Every structure is written in structure tokens, then in C-alpha cells.
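Fold and contact review
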Amino acid sequence: MIDDLSREKEFWGTCSNTFFEEQKHFVYGKLMGLKEINNSFRLDKPAKILDIGGGPVSMLLKTQNISSGTVVDPIEFPSWTVDRYSAHSIDVIVEKGEYINLEGYDEVWIYNVLKDTIDPEKIISNAKKAGKKLRIFEWVNLGPEAGRHNITEESLNAWI
């Protein structure tokens, strides 16, 4: 039986063609309250951002006015994806969001990830400790076939 991380890594393949996922970033960003300008996001003032579950193509790569950024993801993607992040002063931590113990961020972003995690409530708890502001986009009420968890508006509100 294939585990969830193997399935997710298989989904990304070689990470060469991520257009399908990156298109969704602009839907997520708008609903997360980000300003879109010329196919990128623009923060009003410089901010330190933590992206939990950002994968090989975090929205941070498309965001202007980041003072520093960190992507946390449990999958070790090809080294060139880490090099691309490094070129944009974005750190990468290969770890599950349930196990992070970070702080000092202005914002924490979580999008399209909680349904596939071990403990989404723990991730939200860790995010609240890590940063002052949460920006979250999650599909809700997809049912049990969509992932490990059926995320609901009520569950998200309770955790937040």
C-alpha cells in the first residue's frame, strides 16, 4: 500500500511541470486576502512569512515584499527546487507541520494541505504559535474520499 507522502511525491513527479497547481495559487491568494499585481502577490509592507505545506512551488515564489520566508514540507523535493528557493532568500525545512516549533513570523500561510495531514488541529496550533497572522485556504466539505480528513468550516473555526 502506498502511503500519503509517497502519493504526494508521485503527484508532483519531477516538479518540472507545476502549472496545474500554480494556476490555483491565484484563486487561493485572492481568497486569502492577498493583492495580485502582474501575476504576483504584493504585500503592503515587508513581512516574514512561513508557508506550511508549500511543496516545490510555494506561493512565496510569486510574492513581492517578503523580508524573509520559510517553506515547511514533509517531502524532500529535487535539490534544484531548494536552490530556487534559496535564490529568493526562502529557507526550506523538510518536516511535517505537526512537528514544527517555530515563532517570530509576521504571517503563516496554509493552503490546500490540511485534508492530507496527520493532525490538522495540531498544525493550526503550531501556526498560531509561529505567527501573528494566519492566511488559510482549505477546501471544505469534500467528503472522506478527498483525503485523510474531511475539513469543515466548523472544524477550521474551532481550531483557529
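Calculation criteria
- Residues numbered from 1 in each chain as written.
- Predicted model: local features only at pLDDT ≥ 70, side-chain atom pairs only at ≥ 80, totals over all residues.
- Heavy atoms only, no water.
- Helix = DSSP H or I, 4+ residues; strand = E, 2+ residues; numbered from the N terminus.
- Contact = heavy atoms within 4.5 Å.
- Expected span 1.5 Å × (residues − 1).
- Buried < 20%, exposed > 50% of the residue type's maximum accessible area, 1.4 Å probe, protein only.
- Core = buried A, V, L, I, M, F, W, Y, C linked by side-chain atoms within 4.5 Å.
- Salt bridge = Lys/Arg side-chain N within 4 Å of Asp/Glu carboxyl O.
- Pairing = 2+ DSSP bridges.
- Right-handed = clockwise from strand over helix to strand, strands pointing away.

1. Observations concerning the environment of Thr152
On the secondary structure map, Thr152 appears in the loop between strand E6 (131–137) and helix H5 (153–159). When the C-alpha atoms of Thr152 and Glu36 are compared, they prove to be 27 Å apart, with 116 residues separating the residues in sequence. Setting aside residues up to four positions removed in sequence, Thr152 forms contacts with Val140 and Asn141.

2. A word on the environment of Ala130
Among the secondary structure elements, Ala130 is positioned in helix H4 (residues 120–130). Along the primary structure Ala130 and Tyr105 are separated by 25 residues, whereas in three dimensions their C-alpha atoms are 5.8 Å apart. Apart from the residues lying within four places of it in its own chain, the contact partners of Ala130 are Leu50, Leu102, Glu103, Gly104, Tyr105 and Val108.

3. Observations regarding helix H2 (residues 19–31)
Counted at 1.5 Å a residue, the expected span for H2 with its 13 residues is 18 Å, and the 19 Å between its end C-alpha atoms agrees. For H2, the set of buried residues is Glu21, His25, Tyr28 and Gly29. Contacts made by the buried residues of H2 are with helix H1 (4–12), strand E2 (40–52), strand E5 (105–111) and E6. Looking at the residues trailing H2, positive phi occurs at Gly33, about 85°.

4. Details of the nonpolar core
Counting residues in hydrophobic clusters, the biggest one holds 16 residues, and the most contacted among them are Leu50, Ile52, Val108, Ile110 and Leu114. Sorting the residues of this core by element identifies E2, E5, H4 and H5 as the ones contributing at least two each. No other element matches H4, which puts 4 residues into this core. Excluding its chain neighbours within four sequence positions, the residues that come into contact with Leu50 are Thr70, Val72, Ile100, Leu102, Tyr105, Glu107, Val108, Trp109 and Ala130. Leu34, Tyr85, Trp109 and Phe137 belong to the second largest nonpolar core, which has 15 residues in total.

5. Observations regarding the pattern of salt bridges
What the rule picks out here adds up to 6 salt bridges. The residue Lys24 makes a salt bridge to Glu21 at a minimum N-O spacing of 3.0 Å. Taken together, the positions of Lys24 and Glu21, both in helix H2 and 3 residues apart, correspond to about one turn of that helix. Owing to a relative accessible area of 6%, Glu21 belongs among the buried residues under this scheme. Between Asp44 and Lys35 there is a salt bridge; the shortest N-O distance is 2.5 Å. Looking at Asp44, the relative accessible area reads 64%, which means it is exposed. With a relative accessible area of 44%, Lys35 lands in the partly exposed category.

6. Brief notes about the pairing of E5
E5 sits mainly inside the fold: 6 of its 7 residues count as buried. Inspection of the sheet shows E2 paired to E5 by 4 bridges, in the parallel sense. Bridge pairing links Leu50 to Val108 in E5. The sheet contact formed by E5 and E6 spans 6 bridges and is parallel. Within the sheet, the bridge partner assigned to Glu107 lies in E6 and is Lys133. In this view, the connection linking E5 to its parallel neighbour E6 by way of H4 has right-handed handedness.

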